[in-house]
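Given next are the chains, with one letter for each unit.
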Amino acid sequence: QAFKADGVLNDSVRANFAFFRGDKTKNGRGVGPTHLIETAWNQTGPTSMYKGEGNFVLGQKLFAAARYAYVSGGFTLDPIGGRDKNFYKDDAGIWHNSYYYFNTTRPQYYAGGDASYFAGRHEVKFGFAWRKTPVDSTSQVTGDQIYSVHVGYPDLVAYAQRQYNLNTVGRYVNAFVTDTISMDRLTLTAGVRFDHSTSSYG
């Protein structure tokens, strides 16, 4: 699904908006010699993107643009055997019944803008951008959250494993300013830029 619109409010303001939605689905992901079909996953992951931009003419010397975007990333790995069954590995190293359930959400947020200012020989450009990228993931053993590994049938070892949650977030900020000076056959460009990024566990 996709949608795009452009509009002109007046001689000084133009805007556009875009929407896109896509989904990656894959049935039987992970099936193989040691993973029977019930221990494979059905993958789903609809992702939507929203993006808006405005362009502004502020007098005869200043031109600016502002942007915002949001992406709802993420996907789910749902075991085909179901979330209510315990799974185990036999002496041949083959998994049975079901497998891990996994879900992750990975949205992205973006905002930014830039502008150009003209004054005689000078063309000054400046702008900034901000982006945030959190990741929230869950991994869970199905059934009673206990899985077993055979160590010589009928002997086995049972492992209890709690749901595992991972929460991280990354943040990125940058800003810049440059000045392009035109002097006859000489053009000089000078500027400064700032970048800062952080990441952490939630």
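Presented here is a report on the structure given in the accompanying data block.

The rules behind these values
- Residues numbered from 1 in each chain as written.
- Predicted model: local features only at pLDDT ≥ 70, side-chain atom pairs only at ≥ 80, totals over all residues.
- Heavy atoms only, no water.
- Phe/Tyr/Trp six-rings, centres within 6.5 Å; stacked < 30°, edge-to-face > 60°.
- Helix = DSSP H or I, 4+ residues; strand = E, 2+ residues; numbered from the N terminus.
- Buried < 20%, exposed > 50% of the residue type's maximum accessible area, 1.4 Å probe, protein only.
- Pairing = 2+ DSSP bridges.
- Salt bridge = Lys/Arg side-chain N within 4 Å of Asp/Glu carboxyl O.

Now for the packing of aromatic side chains. Scanning the entire structure with this criterion turns up 16 aromatic pairs. Taken together, a centroid distance of 5.3 Å and an interplanar angle of 45 degrees make the contact between Phe87 and Tyr99 tilted. On the criterion of sequence distance, the pair formed by Phe87 in the loop between β6 (62–79) and β7 (88–89) and Tyr99 in the loop between β8 (95–96) and β9 (101–119) is long-range, its members being twelve residues apart. Each member of the pair, Phe87 together with Tyr99, is buried. An aromatic cluster of at least three residues, connected via ring pairs, comprises Trp41, Phe87, Trp95, Tyr99, Tyr100, Tyr147 and Tyr159.

Pairing between strand β13 (residues 164–183) and strand β14 (residues 186–201): 16 bridges, direction antiparallel. From the neighbouring strand, Asn174 faces β14, where its bridge partner is Asp195. Remark: two residues form the turn of the hairpin made by β13 and β14, two consecutive strands paired antiparallel; Asp184 in that turn has positive phi of roughly 50 degrees.

Turning our eyes to something else, we now look at the pattern of salt bridges. On inspection of all chains with the given rule, the structure shows six salt bridges. A salt bridge links Asp114 to Arg67; the shortest N-O distance between them is 2.8 Å. Of the two residues, Asp114 is situated in strand β9 and Arg67 in strand β6; the sequence distance between them amounts to 47 residues. Using a relative accessible area of 26% as the deciding quantity, one classes Arg67 as partly exposed. The salt bridge partner of Arg83 is Asp78, with a shortest N-O separation of 3.0 Å. Accessibility expressed as a relative area gives 46% for Arg83, which makes it partly exposed. Several salt bridges share partner residues, and in doing so they unite Lys51, Glu53, Arg67 and Asp114 into one network.

With that out of the way, let us pick up the sheet that holds strand β12 (residues 156–160). Here we have four strands laid out as an open sheet, ordered β8-β7-β11-β12, and mixed in their pairing. This sheet does not close on itself; its edge strands, each paired only once, are β8 and β12. Of the strand pairs in this sheet, strand β11 (residues 146–150) and β12 are connected by five bridges, and their pairing is antiparallel. If you follow Ser148 over to β12, its bridge partner there is Ala158.

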